[in-house]
Amino acid sequence: MLIKTNREIPSSEITPESVYVSRRKFMGQSASAAVLAGIAGSAYGLPENFVSEQGFAKGEPIGEKITPEEYATRYNNFYEFGTGKEDPSKKAHVLTTEPWSLEVGGRVGKPGKIELEDVLKDIDLEERIYRLRCVEAWSMVVPWIGFPVKKLLERFEPLGDAKYVKFTTLYRPKEMPGIRSIFSSVDFPYVEGLRLDEANHPLAIFSIGMYGKVLPNQNGAPFRLVVPWKYGFKSIKSIVKIELTEREPRTTWNKSAPHEYGFYANVNPNVDHPRWSQAQERRLPTTIFGRKIETRMFNGYDEVASLYEGMNLKRKY
Ligand code: MTE
């Protein structure tokens, strides 16, 4: 497997394989005693100041230039903590993330509740570099730590009639000031969804860490979705509930402004948001006057195209 280091590479050169650059096992049966010994600070398998082999925490470029950590952790969307980009980094520290349980139900053979700690015992974590592209036209390249969504879903045995996956965020007004705010433009709890075949695509991951460390609360600790070929709002944070359904679930942004935010929300430079173009983006770090780059179909992840064969992506935006 090719590992590219210390050289900035044009995005056109990035192969799907490069997202798997580091398949280091952080935990699971094969985890070393040293790694396990270091988990005292966290129930989720990553010591607080863990630095990955590639040195992401130091900001070394691998493949596309990695967004400096301070941008990815200070410029956020997490409406449960307010609508300002800096609200989550200022306010999310009060969120209690341990212990954390997940409820999995709906059209599955074995519904149930599971502690996140127990999920992670049986799963090998991987480090993957993904672009995240938001509708407001900024984008980042982040080294996420996680595992394929499919790995968790299969454990609950999806039934034959399950067609969609609905994800729900924690609803805890006491610790989430944005929920209590009268200024919020969306309903809570935050809900997102995928078609089951999208969720089962190997590029769709649940993340528990970034930059070689556990996820900061503002980035969706302790457990979030990352779907790199879709606009950022699909990548729901701090998930507590997963349901498999026969029907397409109603989702937060789609409910709030259906003509602006579709269920699919695939990154698509040919379909504009009704109020602005989606053809270009600004890669953080930059300013609003900074250089723009061309947005690529599916955010550059061409390998997902077959999921949408025969669909009119202008209508199913
Ligand atoms: N998840 C929840 N629960 N609440 C939110 O407000 N915002 C979404 C998504 N997940 C959001 C959420 C949006 S609009 C974006 S762009 C991404 O999170 C931002 O992720 P980041 O802050 O880690 O970059």
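Residues numbered from 1 in each chain as written. Predicted model: local features only at pLDDT ≥ 70, side-chain atom pairs only at ≥ 80, totals over all residues. Heavy atoms only, no water.

Caption draft 1: Fine view of the overall build of the chain. When you go through the chain residue by residue, the secondary structure sums to 8 helices and 12 strands. Look at the contacts in the chain between residues 6 or more apart in sequence, and 72% of them connect residues 24 or more apart. (Helix = DSSP H or I, 4+ residues; strand = E, 2+ residues; numbered from the N terminus. Contact = heavy atoms within 4.5 Å.)

Caption draft 2: Expanded view of the site of the ligand. Residues in close proximity to the ligand total 17 residues, the closest being Tyr79, Glu80, Cys134, Arg224 and Lys237. In the environment of the ligand, an oxygen atom lies 2.8 Å from a nitrogen or oxygen atom belonging to the side chain of Asn76. Separating a nitrogen atom of the ligand from a side-chain N or O atom of Thr169 is a distance of 2.9 Å. Coverage of the ligand by the protein amounts to 99% of the 530 Å² it exposes when considered alone. For the shell around the ligand, the class distribution of residues is 8 nonpolar, 6 polar and 3 charged. (Near = heavy atom within 4 Å. Polar contact = N/O pair within 3.5 Å; in protein donor to acceptor, adjacent residues only side chain to side chain. Areas by Shrake-Rupley, 256 points an atom, 1.4 Å probe, with all protein chains shown as cover. Nonpolar A, V, L, I, M, F, W, Y, C, P; charged D, E, K, R; others polar.)

Caption draft 3: A look at the side chain of Glu198. By the secondary structure assignment, Glu198 is in helix 7 (residues 196–199). For Glu198, the side chain forms a polar contact with the main-chain nitrogen of Arg195, separated by 2.9 Å.

Caption draft 4: Examining the packing of aromatic side chains more closely. As enumerated under the stated definition, the model contains 14 aromatic pairs in all. Seen in terms of ring centroids, Tyr164 and Phe263 are 5.8 Å apart; in terms of plane orientation they differ by 80°. Their pairing is edge-to-face. Of this pair, Tyr164 sits in strand 5 (residues 164–169) while Phe263 sits in the loop between helix 8 (252–256) and strand 11 (280–283), placing them 99 residues apart in sequence. Assessed through its relative accessible area of 14%, Tyr164 is described here as buried. Three or more aromatic residues joined by ring pairs make a cluster, and in this case those are Tyr164, Phe263, Tyr264, Phe298 and Tyr308. The ring of Tyr301 carries the charged tip of Arg131 above its face, separated from the ring centre by 4.9 Å. Above the plane of the ring of Phe263 lies Lys234, whose end atom (NZ or CZ) is 4.3 Å from the centre. (Phe/Tyr/Trp six-rings, centres within 6.5 Å; stacked < 30°, edge-to-face > 60°. Buried < 20%, exposed > 50% of the residue type's maximum accessible area, 1.4 Å probe, protein only. Lys NZ or Arg CZ within 6 Å of the ring centre and 35° of its normal.)

Caption draft 5: Fine view of the nonpolar core. If you look at the biggest cluster of nonpolar residues, it comprises 80 residues, and the most contacted ones within it are Phe206, Phe223, Trp229 and Ile242. Looking at this core, the element that brings in the most residues is strand 4 (residues 138–148), giving 7 residues. (Core = buried A, V, L, I, M, F, W, Y, C linked by side-chain atoms within 4.5 Å.)

Caption draft 6: Quick look at the sheet that holds strand 5. Here 5 strands make up an open sheet; going across it, the order is 2-1-10-5-6 and the pairing mixed. Looking at the sheet topology across the chains shown, the edges are occupied by strand 2 (112–115) and strand 6 (191–195). Adjacent strand axes in the sheet meet at a mean angle of 20°, parallel and antiparallel pairs treated alike. Across 4 bridges, the pairing between strand 1 (residues 101–106) and strand 10 (residues 239–245) is parallel. The residue of strand 10 that forms the bridge with Val104 is Ile242. (Pairing = 2+ DSSP bridges. Axes fitted to C-alpha atoms, helices over the stretch in contact; angles between N-to-C directions.)

Caption draft 7: Summary view of the pairing of strand 2. With 4 bridges joining them, strand 1 and strand 2 adopt antiparallel strand pairing. Its bridge partner lying in strand 2, Val104 is registered against Gly112. Hairpin connection between strand 1 and strand 2: a loop of 5 residues separates the two successive antiparallel strands.

Caption draft 8: Spatial organisation of the pattern of salt bridges. Applying the stated criterion across every chain yields a total of 17 salt bridges. Of the charged contacts in the structure, one is a salt bridge between Glu175 and Arg172, with a shortest N-O distance of 2.9 Å. On the basis of relative accessibility, which here comes to 27%, the residue Arg172 falls in the partly exposed class. The residue Glu192 makes a salt bridge to Lys234 at a minimum N-O spacing of 2.7 Å. Taken together, the residues span a long stretch of sequence, with Glu192 in strand 6 and Lys234 in the loop between strand 9 (224–226) and strand 10 at a distance of 42 residues. The exposure class of Lys234 is buried, given its relative accessible area of 0%. One network of salt bridges, with partners in common, ties together Arg133, Glu281 and Arg283. (Salt bridge = Lys/Arg side-chain N within 4 Å of Asp/Glu carboxyl O.)

Caption draft 9: Fine view of the environment of Ile129. Considering the arrangement of structural elements, one finds Ile129 in strand 3 (residues 126–133). Remark: the alpha-carbon pair of Ile129 and Val141, spanning 12 residues in sequence, is separated by 6.7 Å.

Caption draft 10: Structural detail: the environment of Asn268. Tracing the backbone through its elements, the reader meets Asn268 in the loop between helix 8 and strand 11. For Asn268 and Phe298, which are 30 residues apart along the polypeptide, the C-alpha to C-alpha distance reads 6.1 Å. In contact with Asn268, other than residues within four places in its own chain, are Tyr231, Gln278, Met297 and Leu313. At a separation of 2.9 Å, a polar atom in the side chain of Asn268 contacts the main-chain amide nitrogen of Asn270.

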